[in-house]
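The chain contents come next:
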Amino acid sequence: MPTATLTSKGQITVPQAVREQLGLHSGDKVDFVADESGGFKMIQLRKDVTVLRGRFAGRAVRRISVQDMDGAIEAEAAERLVRSTGPARRRAK
């Protein structure tokens, strides 16, 4: 199994065999995603959004409509506004 050593600057060199298997090239970006066992998976980030399909499968209890998302965003924005103004500023208006 390929191994790598962490430098004092927190850097590692991904072994050539791993780069080849993942199809990594100079300048590519990778993401480290926590898994259920407490470890991490290294995933190549691709520029094409279609590779994300299924990445979050099983994390949502039910599908959410765009209207529901818009409503949740609006409610959170309103709540943040209320919190940021504080009771003293609201009374002064």
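Note: the structure precedes this text.
Residues numbered from 1 in each chain as written. Predicted model: local features only at pLDDT ≥ 70, side-chain atom pairs only at ≥ 80, totals over all residues. Heavy atoms only, no water.

It is worth spelling out the overall build of the chain at this point. Tallying secondary structure elements over the chain gives 2 helices and 2 strands in all. In the chain, the order of α-helices and β-strands from amino to carboxyl end is α-β-β-α. By residue count, 8% of the 93 residues in the chain fall in the buried class. Long-range contacts, defined here as pairs at least 24 residues apart, represent 8% of the contacts in the chain between residues at least 6 apart. A total of about 8,700 Å² of accessible surface is found on the chain, and carbon and sulfur atoms cover 55% of it. (Helix = DSSP H or I, 4+ residues; strand = E, 2+ residues; numbered from the N terminus. Buried < 20%, exposed > 50% of the residue type's maximum accessible area, 1.4 Å probe, protein only. Contact = heavy atoms within 4.5 Å. Areas by Shrake-Rupley, 256 points an atom, 1.4 Å probe, with all protein chains shown as cover.)

This paragraph deals with a nonpolar patch on the surface. Taken together, the side chains of Ile 64, Val 66, Met 69 and Ile 73 define a hydrophobic patch exposed on the protein surface, amounting to about 390 Å² of accessible area. In this structure, Ile 73 sits in helix H2 (residues 66-92). (Patch = residues over 30% accessible without salt bridge, like charges linked within 9 Å, V, L, I, M, F, W, Y side chains within 5 Å. Salt bridge = Lys/Arg side-chain N within 4 Å of Asp/Glu carboxyl O.)

Let's shift gears to the pattern of salt bridges. In the structure shown here, the tally under the stated rule is 2 salt bridges. A salt bridge links Arg 80 to Glu 76; the nearest nitrogen and oxygen atoms lie 2.9 Å apart. Taken together, the residues Arg 80 and Glu 76, both in helix H2 and 4 residues apart, mark about one turn of the helix. The residue Arg 83 makes a salt bridge to Glu 76 at a minimum N-O spacing of 3.3 Å. By relative accessible area, which is 52% here, Arg 83 ends up exposed. A single network of salt bridges, built from pairs that share partners, joins Glu 76, Arg 80 and Arg 83.

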